[in-house]
Amino acid sequence: MGMPQDHVGATALVARALAPYGERPGPEGVAALLDALITCGQKLHDTLCETPSEQRPAGAFAALAEWEYFAAVGPLGSGPHPNWNHARGLARIIRQLMRALEHPAAASAT
């Protein structure tokens, strides 16, 4: 399993989304971050799905299922926080997808 070329970009996106609430960007920044996370996460998801299921680490299955659910459902609730909270959830899943692609043995133990 190989990590896509944009690994550094994915790591930066995750860091931006998991920043403290006080560092949350404005609504337009959150929307742009959410779009970037969806694009990045889908690429990671697709890369992991290309790996035969018997060769995927155990932790990959949960990350794939979570990604599919969160990507399909989208932000929940109303007010200023749903997009930010959704971005943070996607970032955590992206981090798990990256771990599954980087360290198959370690990912299967989590």
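Scroll up to find the structure this text is about.
Residues numbered from 1 in each chain as written. Predicted model: local features only at pLDDT ≥ 70, side-chain atom pairs only at ≥ 80, totals over all residues. Heavy atoms only, no water.

Q: How do you make sense of the nonpolar core when you look at a structure like this?
A: Considering soluble globular proteins, one finds that nonpolar side chains tend to be buried as a cluster. Ranked by size, the top nonpolar core spans 25 residues in total, and within it Leu37, Leu44, Leu48, Ile94 and Leu97 carry the most contacts. Mapped by element, the contributors of at least two residues to this core are helix 1 (7-17), helix 2 (27-49), helix 3 (58-73) and helix 4 (82-102). Residue contributions to this core peak at 10 residues, all from helix 4. (Core = buried A, V, L, I, M, F, W, Y, C linked by side-chain atoms within 4.5 Å. Buried < 20%, exposed > 50% of the residue type's maximum accessible area, 1.4 Å probe, protein only. Helix = DSSP H or I, 4+ residues; strand = E, 2+ residues; numbered from the N terminus.)

Q: Just to check I follow, could you spell out helix 2 for this structure?
A: With 23 residues, helix 2 extends 32 Å from end C-alpha to end C-alpha; this agrees with the ideal 33 Å at 1.5 Å per step. Among the residues of helix 2, those classed as buried are Val30, Leu33, Leu34, Leu37, Cys40, Gly41, Leu44, His45 and Leu48. (Expected span 1.5 Å × (residues − 1).)

Q: In this structure, what is going on with the packing of helix 2 against helix 4? I would like to understand it.
A: Following both chains from N to C, one finds helix 2 and helix 4 inclined at 25°, their axes separated by 9 Å at the closest point. Classified by the angle between their axes, helix 2 and helix 4 sit roughly parallel to one another. Judged by the sense of rotation from one axis to the other, the crossing of helix 2 with helix 4 is left-handed. Contacts between helix 2 and helix 4 pair Val30, Leu33, Leu34, Leu37, Ile38, Cys40, Gly41, Leu44, His45, Thr47 and Leu48 from the former with Asn83, Trp84, His86, Ala87, Leu90, Ala91, Ile94, Leu97, Met98, Ala100 and Leu101 from the latter. Taken together, the residues that form the contact of helix 2 with helix 4 break down as 17 nonpolar, 5 polar and no charged. (Axes fitted to C-alpha atoms, helices over the stretch in contact; angles between N-to-C directions. Parallel < 35°, antiparallel > 145°, perpendicular 65-115°, else oblique. Left-handed = near helix turned anticlockwise from the far one by under 90°. Contact = heavy atoms within 4.5 Å. Nonpolar A, V, L, I, M, F, W, Y, C, P; charged D, E, K, R; others polar.)

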